[in-house]
Amino acid sequence: MLCYRTVPFAIGKLTIMEKNGKIVRIKPNRPPEPAIHAVEKETSLIAEAISQLSAYFEGRLKTFDLPLDMSGTPFRMKTWEALKTIPYGETRSYGDIARQIGQPKACRAVGMANHNNPVAIVVPCHRVIGSDGSLTGYGGGLPIKRQLLDLEKRYSS
C-alpha cells in the first residue's frame, strides 16, 4: 500500500510517501496525483521521516538514515548515488557530478536526473549549482533551494 502525509516545514509543505517499508517520494508542495491511489496515513516510517526532516530544519541532523526505494535509469541511479556524497553545507557543480560518475560531458543529463530525484532533501540535489556558482533549477523553486543552502551554511560549522 502506498501511504503519504503532507507536512508543513520551514520551506513549505513536503509530501512524504512510503511503500512497502521504504520512502519512495519526498517532494515540496506536491501532493500525490489522484491516479496514484495513495492513502493519506502516517505510518511509523513516515513519522520517522518527519522527525528526521524536523531535526534537519532545526540544524540538528546532517545525514539522513531512512530506507529509500528510488527507481530510475542506471544513469539516474548513479547520479543520485553521487549526490549522496556531497557533504552537508557544501555544493558541487553539475560538471563535478558528471565527472564523478565518469561522464564528464553529461552536465545537462545530471541536471535532468536532479530534476527527477524522487526524494528531495534526503538525496541532496539542492547542493548542486551552476559551474559559476549560480543557483540553477530546483523542483521546489529557487527560493527553496536558497533556503536549504542557507540553512546548511548556518549550521555546517
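What counts and how
The numbering scheme is per chain: residues are counted from 1 as the chain's sequence reads. Since the coordinates come from a predicted model, pLDDT governs what is reported: local features require at least 70, and pairs of side-chain atoms require 80 or more to be given and counted, while whole-chain, interface and lining totals use all residues. Derived side-chain values reflect all non-hydrogen atoms in the structure, with water molecules and hydrogen atoms excluded from consideration. When accessible area is computed with a 1.4 Å probe and restricted to protein chains, residues below 20% of their type maximum are described as buried, those above 50% as exposed, and intermediate ones as partly exposed. In this description a helix means any DSSP run of H or I spanning at least four residues, a strand means any run of E spanning at least two, and both kinds are numbered starting from the N terminus. Strand pairing follows a simple DSSP-based rule, namely that at least 2 bridges must link the two strands. We call two residues in contact when some of their heavy atoms are within 4.5 Å. Within this document, salt bridges are pairs made up of a side-chain nitrogen of Lys or Arg and a carboxyl oxygen of Asp or Glu, the two lying within 4 Å of each other. Each Phe, Tyr or Trp ring, with Trp reduced to its six-membered ring, pairs with another whose centre is within 6.5 Å; inter-plane angles below 30 degrees give stacked pairs, above 60 give edge-to-face pairs, and intermediate values give tilted ones.

A word on the pairing of strand 3 (residues 22-28)
A large share of strand 3 lies buried, amounting to five of its seven residues. Here strand 2 (residues 12-19) runs beside strand 3; their pairing, made up of six bridges, is antiparallel. Across the sheet, the residue bridging to Lys19 is Lys22, located in strand 3. Linking strand 2 to strand 3, which pair antiparallel, is a turn of two residues; within it Asn20 sits at a positive phi near 55 degrees.

Observations regarding the environment of Gln147
Locating Gln147 in the fold gives a position in helix 5 (residues 142-155). The exposure class assigned to Gln147 is partly exposed, which follows from its relative accessible area of 37%. Once the C-alpha coordinates of Gln147 and Ala10 are considered, the two residues, 137 residues apart in sequence, prove to be 8.9 Å apart. Those residues in contact with Gln147, other than ones at most four positions away along the chain, are Ala10 and Ile11.

Description of the pattern of salt bridges
Scanning the entire structure with this criterion turns up seven salt bridges. Its salt-bridge partner being Arg5, residue Glu42 comes within 2.0 Å of it at the nearest N-O pair. Highlighted residues: Glu42 in the loop between strand 4 (39-40) and helix 1 (44-57) and Arg5 in strand 1 (residues 2-9), separated in sequence by 37 residues. Judged by its relative accessible area of 40%, Glu42 falls in the partly exposed class. What makes Arg5 partly exposed here is its relative accessible area of 29%. With a shortest N-O distance of 2.6 Å, Arg60 and Glu58 are connected by a salt bridge. A residue is classified by how much of its surface remains accessible, and Arg60, at 59% relative accessible area, is exposed. The exposure class assigned to Glu58 is partly exposed, which follows from its relative accessible area of 44%.

A closer look at the sheet that holds strand 2
Taken in spatial order, the four strands line up as 3-2-1-4 in an open sheet, and their pairing is mixed. Sheet topology places strand 3 and strand 4 at the edges, where each strand pairs with a single neighbour. Both strand 1 and strand 4 contribute to a ladder of two bridges, which runs parallel. Following the sheet pairing, Tyr4 is matched in strand 4 by Glu40.

A closer look at the packing of aromatic side chains
Taken as a whole, this structure holds four aromatic pairs when the rule is applied. For the pair Tyr56 and Phe57, a centre-to-centre distance of 5.2 Å together with 75 degrees between the ring planes defines the contact as edge-to-face. Accessibility expressed as a relative area gives 0% for Tyr56, which makes it buried. Given a relative accessible area of 11%, Phe57 falls into the buried group. Ring geometry for Tyr56 and Tyr88: centres 6.2 Å apart, planes at 85 degrees, overall edge-to-face. Of the two residues, Tyr56 sits in helix 1 while Tyr88 sits in the loop between helix 2 (74-83) and strand 5 (92-93), which places them 32 residues apart along the sequence. An identical accessibility class is assigned to Tyr56 and Tyr88; each is buried. Here the aromatic cluster, defined as three or more aromatic residues joined through ring pairs, consists of Phe9, Tyr56, Phe57, Phe64 and Tyr88.

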